[in-house]
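Next come the chains, spelled out residue by residue.
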Amino acid sequence: TPARDPADDLAFAEAIRTAGNVLLTEAMHSVDEHVIIETPPIPILADAALGHAPFLLPKESRIDRYWSHVQRKSGGTPTLPVLAFRAFETADKPLLEKRRLIHDWMSRPTEDASTYLNYYGPPRSIATVPHAVVLARARGGATGPAAAPLSFRDKAVFIGFSAATQRAQDQLRDSYPTVYSQPDGLDISGVEIAATAFANLSEGRPVQPVSRAAGLLIVIGWGLFVGIACRWLRPAWAAGLMACAAATYLGFAYSRFATTALWMPTIIPIGVQAPLALFVGVWLHHRDSAREREVIKRAFSYFLPSAVVEQLTQKLGSVTGGNKVVFGACLATDVENYTPLAEHMEPGSLGELMNAYYSQLFVPVERSQGVVVDVVGDAMVAVWAKASSPVDLGTRACSAALAIVDALARFNAAPAGRPVLATRLGLHTGDMLVGSIGGSGHYEYRAVGDVINTASRIQSLNKVLGTRLLASQETVADLPAFATRPLGTYLLAGKTRPVSIVELLGLEAEQSSERRALRASFAEALARYHDRQWADAGARFAAVLTAVPGDGPTRFFARRCAELLATPPGADWSPTILIDMK
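Attention here is on the structure that accompanies the text. (Residues numbered from 1 in each chain as written. Predicted model: local features only at pLDDT ≥ 70, side-chain atom pairs only at ≥ 80, totals over all residues. Heavy atoms only, no water.)

### Observations concerning a nonpolar patch on the surface
Turning to step 1, where the next piece is worked out: A cluster of nonpolar side chains, contributed by Val 129, Val 133, Leu 150, Phe 152, Val 157 and Ile 159, occupies part of the molecular surface with about 480 Å² of accessible area.
Turning to step 2, where the next piece is worked out: Structurally, the position occupied by Val 157 is in the loop between α5 (131-139) and α6 (166-169). (Patch = residues over 30% accessible without salt bridge, like charges linked within 9 Å, V, L, I, M, F, W, Y side chains within 5 Å. Areas by Shrake-Rupley, 256 points an atom, 1.4 Å probe, with all protein chains shown as cover. Salt bridge = Lys/Arg side-chain N within 4 Å of Asp/Glu carboxyl O. Helix = DSSP H or I, 4+ residues; strand = E, 2+ residues; numbered from the N terminus.)

Structural data, given as structure tokens:
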């Protein structure tokens, strides 16, 4: 703006021309967010100055950079800090040559370009001297040590308004938010930002981001490194490696920034890629582990119960850590005349036959939630240990045993030429230890306890009674849905306590009236036997045999009655039958 007294502008212009090193900034007026009008100094001052240029800052919430070059209708031009740096470089050249160089630089075609600022600290970090101090010393008005004139020789001096307080900066509003804005609202002034840009150029240390190509290579290379590391290392190792690698990368990036002001990518590699790679790596490792466990479980499920396989794949404690004593039911099976059959068959054919045979036994057991705990040759042991109640447990075991009888009937009926595998079954309930049994590095999943031995002895009792499926009375107690035939009390081989035995015939609802009548007749005959009325009992058993000639228990008790009549026992006779055959 022209002075009120033109003589003042003339004096000012003459001082500028005499100095020969003064650059003026152009006023900036914003019409709207897209249009900015640049107003050069008045002609008398513009002609006297070494040059003039705008100083344009991006309209951003925080000033991190400045425009180093801007486009004009006449071409591109450097902004004030760049032009000042060029002028400072030519300080020792003659004035006319400096003017020519400045004119050439201002008219050289360029494109818009922005440069990041490397701030030196909070507001007024660059040495700031008030006008009043400079004038007082120049005029000799100061006293004491502060009286010596200030020397600006070989220095670049930026003149403008730089407030020391937030209240003072509101007078001109030439201040901008930066990373160093103070909590009290004090920002860095425009003139100090211009001085900062000039100082960055003169020191060769503006904040310089790596090139787009280099940044892309860094991001890709880092991504490959963290991705491969997190994919193939265990999660704990991957997390440790990521922490060390991220710290190393961040330290290197910081050292490059501190020494050369090189700005390397940090947010994406450390804040995005590293945690994302670690998360994906952990997820993939978990997925692979889950798949491996499924493969192991699928493989081991052919040999062990699913609960045991789950325990092993989850590494839950020792092998025997899952052992427990439970109340359960046990089913023991055995094939008649297996030894001569195995002696006359080729091992391969025998193996195929037994695989087909056991497939008929395993399916009913598994379907009723039982577990096969032992298979030796022609013998199988299955247990039921998980049930809501003893009744439910007995129901499952009896249902599975009857299903096996039906399945084997179909199995033995076809195909022609295949050996018939007549199977005996025994059921008993009681406490048992279920778990891994063994030692010296070798364990097998087994059920251990007297209930297992008793079920095996009950199974063997079928040989004596000529039956297929026997159970202890306590197994079928409170199970009215099943048809049973009590067969008396037996002291089985090796046992000290007698066991009441019943024959499991099927479901009560499926029994015919003839079968029920025969069961009643057998029960009456057995009652006479227990009452020592062996003649009457024998006659009744004979009547049952007439109706059912092949009934094994009836034949057994008819023979027992004949033996007792031929050789009457003493008064201490007990109806409990001693079985000495295993």
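Moving on from the coordinates now.
### Comments concerning helix α18 (residues 534-547)
Turning to step 1, where the next piece is worked out: Between its terminal C-alpha atoms α18 stretches 20 Å, which fits the 20 Å expected from 14 residues at 1.5 Å a residue.
Turning to step 2, where the next piece is worked out: Listed in full, the buried residues belonging to α18 are Trp 534, Ala 537, Gly 538, Phe 541 and Val 544. Taken down its axis, α18 places every buried residue within 120° of arc, on the same side. For α18, the exposed residues set more than 90 degrees away from the buried face come down to Thr 546 and Ala 547.
Turning to step 3, where the next piece is worked out: Buried-residue contacts for α18 involve α17 (513-530) and α19 (552-566). (Expected span 1.5 Å × (residues − 1). Buried < 20%, exposed > 50% of the residue type's maximum accessible area, 1.4 Å probe, protein only. Arc of directions from axis to C-beta. Contact = heavy atoms within 4.5 Å.)

### What to know about the side chain of Asn 118
Turning to step 1, where the next piece is worked out: Mapping Asn 118 onto the fold places it in the loop between β7 (113-116) and α5.
Turning to step 2, where the next piece is worked out: Judged by its relative accessible area of 12%, Asn 118 is buried.
Turning to step 3, where the next piece is worked out: Here the side chain of Asn 118 touches Arg 205 through a polar contact of 3.0 Å, landing on its backbone oxygen.
Turning to step 4, where the next piece is worked out: What Asn 118 contacts, discounting residues up to four positions off in sequence, is Thr 196, Asn 200, Arg 205, Pro 206, Val 207 and Ala 261. (Polar contact = N/O pair within 3.5 Å; in protein donor to acceptor, adjacent residues only side chain to side chain.)

### Thoughts on helix α13 (residues 347-367)
Turning to step 1, where the next piece is worked out: The end-to-end C-alpha distance of α13, which contains 21 residues, comes to 30 Å, matching closely the 30 Å that a straight helix rising 1.5 Å per residue would cover.
Turning to step 2, where the next piece is worked out: Those residues of α13 lying buried are Leu 350, Leu 353, Met 354, Tyr 357, Tyr 358, Leu 361, Pro 364 and Val 365.
Turning to step 3, where the next piece is worked out: Looking one or two residues beyond α13, the residue adopting positive phi is Gln 369, at roughly 65°.

### A word on the pattern of salt bridges
Turning to step 1, where the next piece is worked out: Counted under the stated rule, the structure contains 18 salt bridges.
Turning to step 2, where the next piece is worked out: Put simply, Arg 17 and Glu 14 hold a salt bridge, and the shortest N to O gap is 3.6 Å. With a gap of three residues between them, Arg 17 and Glu 14 both fall in helix α1 (residues 6-19), about one helical turn apart.
Turning to step 3, where the next piece is worked out: Put simply, Glu 508 and Arg 516 hold a salt bridge, and the shortest N to O gap is 3.1 Å.
Turning to step 4, where the next piece is worked out: Each of the salt bridges in this network shares a partner with another, and the network as a whole consists of Asp 334, Glu 336, Arg 424 and Arg 468.

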